[in-house]
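Structure at a glance
In case you want the letters, here they are:
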Amino acid sequence: MVRTYKYRNIKNSVNHQSTLALVEQFNGQVGKRCWASARAVHDTALIETLIDRGVDVSAVYDGESISFNKHVVLNEDLNKLYIVK
């Protein structure tokens, strides 16, 4: 129950942010090794919000796990993430 409540609150929060702000948040997580349930809920809400907006996140999300190994950028149409090399 608590996790569902946290998820709804975080999902509502990220829904009100721009797509570029969400990409900045994603990039802020790159390289961090700590893992907690709050971070997992945030990361899930972030990816799901990008998907809901029609952004192709396949560069970092395979439907099961999210990779925070490299920074990403959006294409000009704001509908696809690319890994920064």
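The structure we're discussing is the one just above.
Residues numbered from 1 in each chain as written. Predicted model: local features only at pLDDT ≥ 70, side-chain atom pairs only at ≥ 80, totals over all residues. Heavy atoms only, no water.

**Concerning the environment of Phe68**
- In this fold, Phe68 is placed in the loop between helix H3 (37-52) and strand S1 (72-74).
- Looking at Phe68, the relative accessible area reads 10%, which means it is buried.
- As a C-alpha pair, Phe68 and Gln29 span 39 residues in sequence and 6.5 Å in three-dimensional space.
- Contacts of Phe68, omitting those with residues within four sequence positions, involve Phe26, Gln29, Val30, Gly31, Arg39 and Asp43. (Helix = DSSP H or I, 4+ residues; strand = E, 2+ residues; numbered from the N terminus. Buried < 20%, exposed > 50% of the residue type's maximum accessible area, 1.4 Å probe, protein only. Contact = heavy atoms within 4.5 Å.)

**A closer look at the packing of aromatic side chains**
- Taken as a whole and assessed by the stated rule, the structure comprises one aromatic pair.
- Taking the centre distance of 4.6 Å and the plane angle of 25° together, the rings of Phe26 and Phe68 count as stacked. On the criterion of sequence distance, the pair formed by Phe26 in helix H2 (residues 19-29) and Phe68 in the loop between H3 and S1 is long-range, its members being 42 residues apart.
- Phe26 gets classed as buried once you look at its relative accessible area, which sits at 1%.
- We note Arg39 situated over the ring of Phe68; from NZ or CZ to the ring centre the distance is 5.0 Å. (Phe/Tyr/Trp six-rings, centres within 6.5 Å; stacked < 30°, edge-to-face > 60°. Lys NZ or Arg CZ within 6 Å of the ring centre and 35° of its normal.)

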